[in-house]
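Summary of structural features
Chain by chain, the residues run as shown.
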Amino acid sequence: MNRVVLASGNAGKLNEFSQLFANWQIQVVPQSEFQVPEIEETGLSFIENALIKARHASRISGLPALADDSGLAVDALDGAPGIYSARYAGEDVSDADNNHKLLQMLADVPEAERTASFHCALAFVRRYDDPIPLVCIARWCGRILEEPAGEQGFGYDPLFYVESEGMSSAQLPREVKNRISHRGQAVQAFATLWREQMQCPGRE
Ligand SMILES: O=P(O)(O)OP(=O)(O)OP(=O)(O)OC[C@H]1O[C@@H](n2cnc3c(O)ncnc32)[C@H](O)[C@@H]1O
Ligand SMILES: [Mg+2]
């Protein structure tokens, strides 16, 4: 089975990806198995950061690599924390610290203005200098709650209210989140691209 390195150190993402790629004809191996160290995410967009991470993991592992760069954009905060979602409250902070800061920043914002969306960029490279990477982006709309709800998921999930399900993202069963989330939708788009590519001679 073809192996692909998954360029993420986030346990919550890895958990979701293990389900999202369960039926694929590829084996997705976390970058920790190749001692891939973290790389600075210096891009100005989710797409650029996903490419930086994918190229880095591919260079070190020698395998094709898939990376996810994602985050939460809050309308009342002009799109913050956005690409800085992982380090909103500072370097090396916990999800709880980031959630706490977000609640503080939105303290005076009424429910109707607490709209937000999760974004996900997936980048796949066949090798570190691949000039034709596959890139997919997706968005998941919701609203920021006034207090956390739910225990599932990771990151900002306890504060992200999903209107269609009537609960927070951290209250959704993992298979439901994976079906509708930014990451789930990006993987679905990636699946379509992947199938198309596999039909082109010369792609492997
Ligand atoms: O870069 P890697 O190693 O993949 O791990 P990371 O946690 O640093 O990942 P990002 O740089 O992509 O930052 C994304 C942050 O956005 C948040 N986030 C992304 N997807 C999320 C989701 O599905 N649910 C909740 N929070 C999410 C969460 O706080 C992540 O730490
Ligand atoms: Mg990161």
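Residues numbered from 1 in each chain as written. Chains lettered and ligands numbered in written order. Predicted model: local features only at pLDDT ≥ 70, side-chain atom pairs only at ≥ 80, totals over all residues.

Spelled out, the test is: UniProt positions are given in the numbering used here, feature names are shortened, and annotations may be inferred rather than shown by experiment.
For the protein, an unreviewed UniProt entry supplies the name dITP/XTP pyrophosphatase and the organism Microbulbifer rhizosphaerae. The UniProt entry for the protein carries the following text under Sequence similarities (unreviewed entry): "Belongs to the HAM1 NTPase family." In its Subunit (unreviewed entry) section, the UniProt record describing the protein reads: "Homodimer."

1. Observations concerning the overall build of the protein
Rules: For helices the rule is a DSSP run of H or I covering at least 4 residues; for strands it is a run of E covering at least 2, with both sets numbered from the N terminus onward. This radius of gyration counts C-alpha atoms alone. The globule rule is 2.2 Å times how many residues there are, raised to the power 0.38. Exposed residues have 12 or fewer other C-beta atoms within 10 Å of their own C-beta, buried residues have 20 or more, and residues in between are partly exposed; the C-beta atoms are placed from the backbone. C-beta atoms are first placed from the backbone for all residues, and any pair lying within 7 Å is then listed as a contact.
Helix and strand content of the protein: 5 helices and 7 strands. Going residue by residue from the N terminus, the α and β elements of the protein occur as β-α-β-α-β-α-β-β-β-β-α-α. What you see for the protein is a C-alpha radius of gyration of 17 Å, in line with the 17 Å of a compact globule of 204 residues. With 204 residues in all, the protein has 38% of them scored as buried. Long-range contacts, defined here as pairs at least 24 residues apart, represent 59% of the contacts in the protein between residues at least 6 apart.

2. Points about the sheet that holds strand β4 (residues 115-125)
For clarity, the threshold we go by: Criterion used throughout: strands pair if DSSP finds at least two bridges between them.
Spatial strand order, β2-β1-β3-β4-β5-β6-β7: 7 strands in an open sheet with mixed pairing. Only two strands of the sheet have a single neighbouring strand rather than two, namely β2 (26-30) and β7 (167-168). Summarising the sheet, strand β5 (residues 134-144) and strand β6 (residues 160-162) pair through 2 bridges and their orientation is antiparallel. Note that in β6 the partner of arginine 143 across the bridge is tyrosine 161.

3. Concerning the pairing of strand β3 (residues 65-74)
Across the 10 residues of β3, 9 count as buried, placing the element largely inside the fold. By the bridge criterion, 10 bridges tie β3 to β4 in an arrangement that is antiparallel. Pairing of alanine 65 across the sheet is with valine 125, part of β4.

4. Side note on the UniProt feature "active site" (unreviewed entry) in the protein
Mapped onto this numbering, the UniProt entry gives "active site" (unreviewed entry) at Asp69. Among the structural elements, aspartate 69 can be located in strand β3. Aspartate 69 sits in the buried class, given 27 other C-beta atoms within 10 Å. Apart from residues no more than four positions distant in its own chain, aspartate 69 is found in contact with Glu41, Phe46, Asn49, Ala50, Lys53 and Ala121.

5. Side note on the site of ligand 1
Put simply, the rule is: We call a residue near a molecule or strand if the C-beta atom, set from the backbone, is within 6 Å of it. Each residue gets one label: Ala, Val, Leu, Ile, Met, Phe, Trp, Tyr, Cys and Pro are nonpolar, Asp, Glu, Lys and Arg are charged, and the others, such as Gly, are polar.
Close contacts around ligand 1 come from 23 residues, with Ser8, Asn10, Ser85, Ala86 and Gly155 the closest. Looking at the shell around ligand 1 element by element, the count peaks at 5 residues for β3. Looking at the shell around ligand 1 residue by residue, the class counts come to 5 nonpolar, 11 polar and 7 charged.

6. Remarks on unusual backbone geometry
In this structure, the amide linkage connecting alanine 80 to the following residue, proline 81, adopts the cis form with an omega of -5°. Within the secondary structure layout, proline 81 lies in the loop between β3 and α3 (95-105). The residue aspartate 78 is not glycine, and still its phi comes out positive at about 55°.

7. Examining the environment of arginine 59
Counting through the fold element by element, arginine 59 comes out in helix α2 (residues 46-61). Assessed through the 15 C-beta atoms surrounding it within 10 Å, arginine 59 is described here as partly exposed. Sequence separation between arginine 59 and phenylalanine 160 is 101 residues, and the spatial gap between their C-alpha atoms is 35 Å.

8. Details of helix α1 (residues 11-20)
Given 3.6 residues to a turn, an α-helix orients residues that are three or four positions apart in the same direction. This is how the line gets drawn: The directions from the helix axis to the C-beta atoms are what the arc is built from.
Within the sequence span of α1, burial applies to Lys13, Glu16, Phe17 and Leu20. Across the axial projection of α1, the buried residues extend over an arc of 100°, all falling on one side. Along its buried surface, α1 packs onto β1 (2-6), β2, β3, α4 (174-180) and α5 (182-198).

9. Concerning α5
For clarity, the cut-off: Residue count minus one, scaled by 1.5 Å, sets the expected span of a helix.
Compared with the 24 Å implied by 1.5 Å per residue over 17 residues, the 24 Å span of α5 between its first and last C-alpha is a close match. If you check which residues of α5 are buried, you get His182, Arg183, Gly184, Gln185, Ala186, Val187 and Phe190. Close packing links the buried residues of α5 with α1, β3, β4, β5 and α4.

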